[in-house]
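Tertiary structure, described
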Amino acid sequence: MADTARSAMDTSRHNPTQVAQQALPEGWARIIQMEQPRPGVNICFMNGRPDSAWTFKVEGGASLSMSILLRGCIEAGFDNGETFRLDAGCVSLTATGEQVSGWDTLTPEPEFRLVNIHLTPDALEGMTGLSMDDVLKYMKSILGGMPHINASVAQMPIFSGLQRLAAEISQCRYLDDKARNVFLCAKVSEAIAAVLDKCSREHGNASTLRAVPSDRLRLLQARAMLEDRHQETWSVQSLADAVGLNEKRLQAGFNALYGATVHESLTRIRLDVALAMLSSGASVTETAQAVGFANVSHFSKVFRNQFGIAPKKWAHGHLPEE
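Okay, so let's go over this structure. (Residues numbered from 1 in each chain as written. Predicted model: local features only at pLDDT ≥ 70, side-chain atom pairs only at ≥ 80, totals over all residues. Heavy atoms only, no water.)

Some words on the overall build of the chain
Note the cut-off: Here a helix means four or more residues in a row that DSSP labels H or I, a strand means two or more in a row labelled E, and each is numbered from the N terminus. Relative accessible area decides the class of each residue, using a 1.4 Å probe on protein chains only: under 20% of the type maximum gives buried, over 50% gives exposed, and in between gives partly exposed. Here, residues are in contact when the closest pair of their heavy atoms is within 4.5 Å. Per-residue and other accessible areas were derived by the Shrake-Rupley procedure at a 1.4 Å probe size, with only the shown protein chains allowed to occlude residues.
Tallying secondary structure elements over the chain gives 14 helices and 10 strands in all. The buried share of the chain, taken over its 322 residues, is 49%. Taking as baseline every contact in the chain between residues at least 6 positions apart, the subset at least 24 positions apart corresponds to 68%. Total accessible area on the chain stands at roughly 14800 Å², and carbon and sulfur atoms take up 48% of it.

Re the packing of aromatic side chains
Applicable threshold: Any pair of Phe, Tyr and Trp rings, taking the six-membered ring for Trp, is counted once the centres come within 6.5 Å. Such a pair is stacked with planes under 30 degrees apart, edge-to-face with planes over 60 apart, and tilted for the rest. Remark: a charge is flagged as sitting over a ring if the NZ atom of Lys or the CZ atom of Arg is within 6 Å of the ring centre and within 35 degrees of the ring normal.
Taken as a whole and assessed by the stated rule, the structure comprises 10 aromatic pairs. Taken together, a centroid distance of 6.4 Å and an interplanar angle of 70° make the contact between F303 and W314 edge-to-face. One end of the pair, F303, is in helix α13 (residues 296-307); the other, W314, is in helix α14 (residues 311-315), and 11 residues separate them in sequence. F303 gets classed as buried once you look at its relative accessible area, which sits at 0%. Since its relative accessible area comes to 17%, W314 is described here as buried. Put simply, the rings of F293, F299, F303, F307 and W314 touch in pairs and so form one group of aromatic residues. Looking at R270, its charged tip hangs above the ring of F293, at a distance of 5.7 Å from the centre.

Some words on the nonpolar core
Counted only if it meets this: Buried residues of nine kinds, namely Ala, Val, Leu, Ile, Met, Phe, Trp, Tyr and Cys, make up a nonpolar core once their side-chain atoms join them within 4.5 Å.
One finds M66 and L162 to be the most contacted residues of the largest nonpolar core, which totals 37 residues. Here the element with the most residues in this core is helix α6 (residues 177-203); it accounts for 9 residues. The contact partners of M66, leaving out residues within four places of it in the chain, are V91, S92, L93, V115, N116, I117, L162, A191, I192 and V195. Membership of the second largest hydrophobic core comes to 18 residues, among which are M225, W234, L239 and L245.

Focus: the sheet that holds strand β2 (residues 41-48)
Which entries qualify depends on this criterion: Should DSSP find at least two bridges between two strands, the strands are regarded as paired. Fitting a line to C-alpha atoms yields each axis, with helices limited to the stretch in contact; the angle taken between N-to-C directions then spans 0 to 180 degrees.
An order of β1-β2-β9-β4-β7-β10 is seen for the 6 strands of this open sheet, with the pairing classed as antiparallel. For this open sheet the edge positions go to β1 (32-38) and β10 (151-157), each flanked by a neighbour on one side alone. Looking at each pair of strands side by side, their axes are set apart by 10° on average, direction ignored. Sheet topology note: the β2/strand β9 (residues 112-119) ladder contains 8 bridges and is antiparallel. Along β9, the bridge assignment pairs F45 with V115. Along the sheet, helix α3 (residues 121-128) contacts β1, β2, β4 (63-71) and β9; its crossing angle with β9, the most-contacted strand, is approximately 85°.

Describing a negative patch on the surface
Spelled out, the test is: Here a patch means residues that are over 30% exposed by relative accessible area and free of salt bridges, tied together within 9 Å if like-charged and within 5 Å if nonpolar (Val, Leu, Ile, Met, Phe, Trp, Tyr). Salt bridge, as used here, is a side-chain nitrogen of Lys or Arg placed within 4 Å of a carboxyl oxygen of Asp or Glu. Charge assignment: positive for Lys and Arg, negative for Asp and Glu; neither His nor the chain ends contribute. A single reference atom marks each charge: NZ on Lys, CZ on Arg, CG on Asp, CD on Glu.
Together, D122, E125, D133 and D134 make up a negatively charged patch on the protein surface. Looking at the negative patch, the elements that each hand over two or more residues are α3 and α4 (132-143). Residue placement: D134 occurs in helix α4.

A short note on the side chain of E168
Quick note on the threshold: What qualifies as a polar contact is a pair of N or O atoms within 3.5 Å, subject to a donor-acceptor requirement within protein and to the restriction that residues adjacent in sequence count only when both atoms come from side chains.
Here E168 shows up in helix α5 (residues 160-170). The buried category is assigned to E168, whose relative accessible area is 11%. Side-chain polar atoms of E168 contact the side chain of K187, separated by 3.0 Å. Once you skip the residues sitting within four places of it in the chain, E168 turns out to touch F183, K187, S279 and W314.

A short note on the packing of helix α9 (residues 236-243) against helix α10 (residues 247-258)
For any two helices packed against each other, one specifies the inter-axial angle together with the distance between the axes. The criterion, for reference: For this classification, under 35 degrees means roughly parallel, over 145 means roughly antiparallel, 65 to 115 means roughly perpendicular, and everything else is oblique. Amino acids outside the nonpolar list (Ala, Val, Leu, Ile, Met, Phe, Trp, Tyr, Cys, Pro) and the charged list (Asp, Glu, Lys, Arg) are all regarded as polar, and Gly is one of them.
Contact geometry of α9 with α10 gives a least axis separation of 9 Å together with a crossing angle of 95°. Taken together, the axis directions place α9 and α10 in an arrangement best described as roughly perpendicular. Side by side, α9 and α10 meet where V236, Q237, L239, A240 and V243 of the first sit next to E247, L250, Q251 and F254 of the second. Each residue belonging to the contact of α9 with α10 can be placed in one class, and the counts come to 6 nonpolar, 2 polar and 1 charged.

Digging into the pattern of salt bridges
In the structure shown here, the tally under the stated rule is 14 salt bridges. Of the charged contacts, one joins R180 and E35 as a salt bridge, the two residues approaching to 2.6 Å between their closest N and O atoms. Pair noted here: R180 is in helix α6 and E35 is in strand β1, with a separation of 145 residues, a long-range link. Each member of the pair, R180 together with E35, is buried. The partner of E168 in a salt bridge is K187, and the shortest N-O contact between them spans 3.0 Å.

Focus on the sheet that holds strand β5 (residues 73-78)
Pairing is antiparallel in the open sheet, where 4 strands are placed in the order β3-β8-β5-β6. Of all strands in the sheet, those bounded by a partner on one side alone are β3 (54-60) and β6 (83-87). Averaged over all adjacent pairs, the angle separating strand axes in this sheet is 20°, with direction ignored. Pairing between β5 and strand β8 (residues 100-107): 6 bridges, direction antiparallel. Of the residues in β8, the one forming a bridge with A76 is D104.

These figures capture arrangement, not role.
Here it is, written out as structure tokens:
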């Protein structure tokens, strides 16, 4: 299995485009879908119930990879480097600056759902203006790395904005090839930006550390509570009490660190989750209840005010009204 799967697909680091050409285990082969919206940009979707785990060797050159794991478990390791475990509901961002090799084990529990994005250095720079060196320096400055193999890895829970992006990428409705490729490239760039920004806010760089130096950890805790419990009824006072800040400092901190009030932040989180649910086929009523709106009417009003279209029409692929 290691020989047949070599270079096929590494959910953390390597080029997945050859996966369809390999002698893959039948249970895994039937759940894989590939997209290549432009040269050097490869997207792999895996969604289904393989009957067993899959372990294989991998290798590849300099790259940036993002693995958004919605179901299942991934264990991976660099040869002569670190090993990692990625659980369901988490995302990893891996940057490598040279040829590396390693191994992966993919385990369904019992399902496996993954959106994996892989970019070569040329594709990364062409889409985002960032060189691989830029990304490696950025990630190492806030996370550290593995200098002997010139690599860095970030892991974090999937947050609402990334949940939305994963759904939009995997449920892309554009049928025209050119339009589909433009859409997918735009969403890939947005996903990279979202994860880099999240790394910066959580681990701190010069700008975020200056914003609210004394309250930063409590603000991160407050934001995490909104992400994890967005369906609950939050007031500024209840959130401030939960993290041990007064209301004024909480609001000022949110504006400084996130550029939004507590209420605006909660609304955006709820709408991101709602977009992901609607993209995956949930009904408007089910979605409104799940994300914390008191009733469908209020949800529809907030959704329309934000996006210029009713949630039901958006779910059916309609464009915003003029």
